[in-house]
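Residues per chain are reported as follows:
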Amino acid sequence: MTTLTNKIDFMVTIDVENANPNGDPLGGNTPRMTADGLGLISDVAIKRKIRNRLQDICQNDDGYRIFVQANDRSDDGAKSLEERFNNIITEEVDLNDFKDTVNKTWLDVRSFGHVFTFKPKTVKDNGKNVSKLAIGVRGPVSISPATSVETLPVTAMQITRSTNSEDKGNDRDSSTMGMKYFVDRATYVIKGSISPNLAETTGFSKEDTKLIKEALRTLFENDQSAARPDGSMTVRDVYWFEHSNKLGNVSSARVYKLLSYNPETKTFDLNTEKLDAYKDKGLSLDIIEGF
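Here is what the cut-offs are and how they apply
Residues numbered from 1 in each chain as written. Predicted model: local features only at pLDDT ≥ 70, side-chain atom pairs only at ≥ 80, totals over all residues. Heavy atoms only, no water. Helix = DSSP H or I, 4+ residues; strand = E, 2+ residues; numbered from the N terminus. Buried < 20%, exposed > 50% of the residue type's maximum accessible area, 1.4 Å probe, protein only. Contact = heavy atoms within 4.5 Å. Areas by Shrake-Rupley, 256 points an atom, 1.4 Å probe, with all protein chains shown as cover. Lys, Arg positive; Asp, Glu negative; His and termini not counted. Charge placed at Lys NZ, Arg CZ, Asp CG, Glu CD. Pairing = 2+ DSSP bridges. Expected span 1.5 Å × (residues − 1). Arc of directions from axis to C-beta. Salt bridge = Lys/Arg side-chain N within 4 Å of Asp/Glu carboxyl O. Phe/Tyr/Trp six-rings, centres within 6.5 Å; stacked < 30°, edge-to-face > 60°. Lys NZ or Arg CZ within 6 Å of the ring centre and 35° of its normal. 1 Å grid on protein atoms, 1.4 Å probe; cavity = no way out; pocket = protein on both sides within 12 Å on 5 of 7 lines; lining within 4 Å. Points joined across faces, edges and corners; volume = space filled by probe spheres on them. Nonpolar A, V, L, I, M, F, W, Y, C, P; charged D, E, K, R; others polar.

Notes on the overall build of the protein
Scanning the protein from N- to C-terminus turns up eight helices and 17 strands. The principal-axis extents of the C-alpha atoms in the protein amount to approximately 70 × 60 × 35 Å. Across the 291 residues that make up the protein, the buried fraction comes to 43%. Across the protein, every contact between residues at least 6 apart in sequence was considered, and the portion connecting residues at least 24 apart equals 72%. For the protein, the exposed area adds up to about 15,500 Å²; of that, 46% sits on carbon and sulfur atoms. Treating the 39 positive side-chain charges of the protein as one cloud and the 43 negative ones as another, the clouds have centres 4 Å apart.

As structure tokens, then:
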């Protein structure tokens, strides 16, 4: 494993067509939106997709397993996080050994961090039982909720089933009626960063950053569903900014402002003048076309 020594910022542009990127369960599964009408994809939903892709890419290799797996994608037989945790932490361990073990075992833990809950006797700190009911691991990869570049055009469609759920005789069961919501067309932007300082505490490496980059490039592979038909959500480009040091040559906020959306041409423009100035300070940019 090669130690990560350079801060990384990234942006991912996403195109959506006739799909529901992230439904709101409190709003009848309508596409999530901000107060001013922009589309929203929660950071939790994005991380779920990244975990799924990492699980596909790594194929359960030692040291690259995923802790927070979707129930229908469990590759180790565990039916809960507690069971998966207890399969690895089988006896009392020291607090530092515990953190070292979970970081080495699960890629998503050393990437995003996690809060582990367990009985106090499970982990000891200098020979004494840890009194906390939860211990947190802070990961170096941070991701913000994605927002659309323009207000959302949302279509509502009433749907029916041809068969009743229960025998109602000749009457139609009311449960056969429902609504489906989707975004006609929209473009979203994901923003994130990777901290070398936090990477040191979890063991997150340069090799791990390559896996994160590939997961972002192929984010929607094997993610199709009734709400997101295959091909309805695509990664347009991944903008991968690498700084020349741990702190960064410029702030993440200034890096994110380098990219702007042109509503007339429906394209993204880079501020090349500022980018050249930041390159003189040590910033580099790699633009990767989506899968």
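Okay, back to it.
Points about the sheet that holds strand β7 (residues 123-125)
Strands pair in a sheet through their backbones, by hydrogen bonds, and they do so in one of two ways: parallel or antiparallel. Pairing within the open sheet is mixed, and its three strands lie in the order β5-β7-β8. Pairing within the sheet leaves two strands with one partner each, and these edge strands are β5 (93-94) and β8 (128-129). Direction of pairing for β7 relative to β8: antiparallel, over a ladder of two bridges. Bridged to D125 within β8 is K128.

A look at unusual backbone geometry
A positive phi angle, close to 55°, is found at N18, a residue other than glycine. Looking at where N18 falls in the secondary structure, it is placed in strand β1 (residues 8-19). Looking at N18, the relative accessible area reads 40%, which means it is partly exposed. Positive phi values are uncommon outside glycine, yet N29 reaches one of about 65°. When you line up the elements, N29 lands in the loop between β2 (23-24) and β3 (30-31).

As for helix α6 (residues 206-217)
Because the α-helix completes a turn every 3.6 residues, residues three or four places apart line up on one side. For α6, which comprises 12 residues, the first-to-last C-alpha distance of 17 Å matches the rise-based estimate of 16 Å (1.5 Å per residue) to within 8%. Looking only at α6, the buried set comprises D208, T209, L211, I212, A215 and L216. Axial view of α6: buried residues confined to an arc of 160°, hence all on one face.

Let's talk about the pattern of salt bridges
One pass over the structure, following the stated rule, counts 15 salt bridges. The salt bridge involving E214 is made with R217; its shortest N-O contact spans 2.9 Å. With E214 and R217 both in helix α6 and three residues apart, this pair spans about one turn of that helix. Residues joined by salt bridges that share partners form a network here, namely K49, D223 and R228.

Comments concerning the packing of aromatic side chains
Evaluated as defined, the whole model comprises eight aromatic pairs. Note on W106 and F116: the rings are 6.4 Å apart at their centroids and 25° apart in plane angle, and the pair reads as stacked. With W106 in the loop between α3 (95-105) and α4 (107-112) and F116 in strand β6 (residues 113-117), this pair connects stretches of sequence that are 10 residues apart. The exposure class of W106 is buried, given its relative accessible area of 2%. Overall, F116 belongs to the buried group, its relative accessible area being 2%. Through a chain of ring-to-ring contacts, three or more aromatic side chains come together here, namely F67, F85, F98, W106 and F116. Of note, R110 hangs over the ring of Y64, and the distance from its end group to the ring centre comes to 5.3 Å.

Describing empty space enclosed by the protein
Scanning all chains against the criterion turns up one cavity of 30 Å³ or more. In this structure, the largest cavity occupies an estimated 30 Å³ of space. Around the largest cavity, the lining residues are I14, I41, I46, K49, I190, L219, F220 and M233. Residues that form the lining of the largest cavity fall into these classes: seven nonpolar, no polar and one charged.

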